[in-house]
Amino acid sequence: MQDKASEPTQKDLFAPWQLGAFRLRNRIGLAPMTRMSAEKDSIPRQDVLDFLVRRAENGVALITTEAIVSDYESAQGYPGQARLLTQRQINAWATVNERIRAAGSVSILQIFHCGRVAWPEVNPAQRTIAPSAIAPRQNNPLTQAPYPTPDAMSAYDIQHSIQGFVETVKGAMAAGFDGVEIHGAHGYLISQFLSSYSNRREDAYGGSLDQRFRYAREVVEVVRPWVPQDKLLLFRISNWGVVDMDVSLFADAEEWKALIAHIDALPIDAISVSTYRFSDEAFGSGMNMAQLTRTATKKPIFICGQIYDRDTAEAALADADMVLSGKSLLLNPHWVQDIQARKALRPYRSEEANIAYTKEPLP
Ligand SMILES: Cc1cc2nc3c(=O)[nH]c(=O)nc-3n(C[C@H](O)[C@H](O)[C@H](O)COP(=O)(O)O)c2cc1C
C-alpha cells in the first residue's frame, strides 16, 4: 500500500492529460447536477441543455449530465427527470454532444435508478422498489411526506432494472456521448444495494460486501459490451446519501477500502468519489477520501466536494486525477478562467444551488 498523501504532485490543473482514449485539455470537470426541468417527453429544457454546452465553451474538460433515470418503470425519483430511451430523446442529446465536442470537451451521461428515494406518483409503474422493504427515516423534502415503504425487489425486478441501464447506455451511444457514468453514490438504488443500512436481503444480493456488491457488478458487466473500448465507463461512489444524510453508508475505512477494491476490479476507466468536503478526514483514518481511496486502486480518481478556488482545486488534485465542481460551475460560468487567474472566490451554500431547480435560466 502506498501513502499518496506524502507524494509530491506532478499534476497540473491546466495541462492536458490522457483518460482512456481521450486527451482531456485540463483536469477540471462539471459534476453531475439534476435539474428536474424535463416535461412530458423526458427531455431537459433547452436552457438546461445550453448550460452544459456553455460550460464546455468556457473551458471545462469533461461535462457530466444530470442523472438520467434508467427506465420507464420505477427508476424516477423526482419530477421532471430525463430519460434517454426514445429517438426524440436521442436527437435532443445528439445536438448537445456535437456542441460539447465542437467546444473541445468530452461528454458523459450519468445514469441512475432512484430506488427507495422516490414516490410512486412520479413513475409510470406507480411503485417504488429497493433491495429491502425499508423506507428512509427522513421525509421527502419535496412533498414533506414520509417516503413510502418500497417493494423489496424480486429476482425479476433485479434483472429488469439492470436492463434499464443497458437500454439507456444504448441510447447514450446512439446520441454520441463520449462515455457513461453509473451512479453508485448518494443513497440511490445501486448505493442502496451496497450499504447494509438499506440492504437486509438474505439472498445472493445481500449479506457480505461481496454479495451486496453483486448488483453493481452485474450492472457494470452487462452495460460494458455496449460501451466501446474507445469510450469511457465511469462509476460514482459516496459514503453519504441524499436522505438520512447523517448516516455513514459504510462502517469504517476497512469496509471502504474493500468496496473500492471491488470497484477497482470492474471494467471501468475511472472512479468518481463524491464527498461533502474533499478535505474532510475519512473514517478517522488520518486520510481524506481521495487518499483513502487511492490505497485500494490505481485507477484514475475524480474528486468532488467544496472545491471552489485555485487553492482548493490544487489541494484536491494532489490526491486525485481530476477535480469536479458542482455548485461553483453551476453558479459561475467563468469558474475555470477565474481559478486560472487565481481570483479570490467563495464557496457557494447549498441553498444557493436551489436555483438549479427553478425555471430561471442559469448564467
Ligand atoms: C443542484 C444539484 C444537483 C445535483 N445532482 C446530482 C446528480 O444528479 N448526480 C450526482 O451524482 N450528484 C449530484 N449532485 C452532487 C454534485 O455532483 C456534487 O457531488 C456536490 O454538489 C458537491 O460538489 P460541490 O461542493 O462542488 O457542489 C448535485 C448537486 C447539486 C448542487
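Here the structure is shown first, and the text comes after it.
Residues numbered from 1 in each chain as written. Predicted model: local features only at pLDDT ≥ 70, side-chain atom pairs only at ≥ 80, totals over all residues.

1. A closer look at the packing of helix 3 (residues 155-174) against helix 6 (residues 214-223)
Two numbers describe how helix 3 lies on helix 6: the axes approach to 9 Å, and their chain directions differ by 40°. Compared by their axis directions, helix 3 and helix 6 come out oblique. As helix 3 runs across helix 6, the sense of the crossing is right-handed. Contacts between helix 3 and helix 6 involve I158, I162, F165, V166 and V169 on the former and, on the latter, Y215, E218, V219, V222 and V223. (Axes fitted to C-alpha atoms, helices over the stretch in contact; angles between N-to-C directions. Helix = DSSP H or I, 4+ residues; strand = E, 2+ residues; numbered from the N terminus. Parallel < 35°, antiparallel > 145°, perpendicular 65-115°, else oblique. Left-handed = near helix turned anticlockwise from the far one by under 90°. Contact = placed C-beta atoms within 7 Å.)

2. A closer look at the nonpolar core
V180, I303 and V323 are the most contacted members of the largest nonpolar core, which has 102 residues in total. V180 has contacts with I108, L109, I111, V169, A172, V227 and L233, leaving out every residue within four places of it along the chain. (Core = buried A, V, L, I, M, F, W, Y, C linked by C-beta atoms within 7 Å. Buried ≥ 20, exposed ≤ 12 C-beta atoms within 10 Å, placed from the backbone.)

3. Focus on the packing of helix 1 (residues 46-57) against helix 2 (residues 87-102)
Axis separation between helix 1 and helix 2 bottoms out at 8 Å; the angle between their running directions is 15°. The angle between helix 1 and helix 2 places the two elements in the roughly parallel class. For helix 1 against helix 2, the interelement crossing comes out right-handed. Here L49, L52, V53 and A56 of helix 1 lie close against helix 2, whose contacting residues are V96, R99 and I100. A breakdown of the residues in the contact of helix 1 with helix 2 according to their chemical character gives six nonpolar, no polar and one charged. (Nonpolar A, V, L, I, M, F, W, Y, C, P; charged D, E, K, R; others polar.)

4. Thoughts on the sheet that holds strand 12 (residues 322-325)
Spatial strand order, 3-4-5-8-9-10-11-12: eight strands in a closed barrel with parallel pairing. Across the sheet, the mean angle from the axis of one strand to that of its neighbour is 25°, orientation sign disregarded. Sheet analysis places strand 5 (residues 106-112) next to strand 8 (residues 179-183), joined by four bridges and oriented parallel. Paired with I108 across the two strands is G179, which belongs to strand 8. (Pairing = 2+ DSSP bridges.)

5. Brief notes about the environment of T34
Along the chain, T34 falls in the loop between strand 3 (28-30) and helix 1. Taking C-alpha positions, T34 is 5.8 Å from A67, a pair spaced 33 residues apart along the chain. If we skip the residues at most four places from it in the chain, T34 touches E66, A67 and Y78.

6. Structural notes on helix 2
Between its terminal C-alpha atoms helix 2 stretches 22 Å, which fits the 22 Å expected from 16 residues at 1.5 Å a residue. Q89, A92, W93, V96, N97 and I100 are the residues of helix 2 that are buried. For helix 2, the angular spread of the buried residues around the axis is 135°, confining them to a single face. Those residues of helix 2 that are exposed and aimed more than 90 degrees away from the buried face are Q87, R88, N91 and A102. The elements touched by buried residues of helix 2 are helix 1, strand 4 (62-69), strand 5 and helix 3. Just downstream of helix 2 lies G104, where phi reads positive at about 90°. (Expected span 1.5 Å × (residues − 1). Arc of directions from axis to C-beta.)

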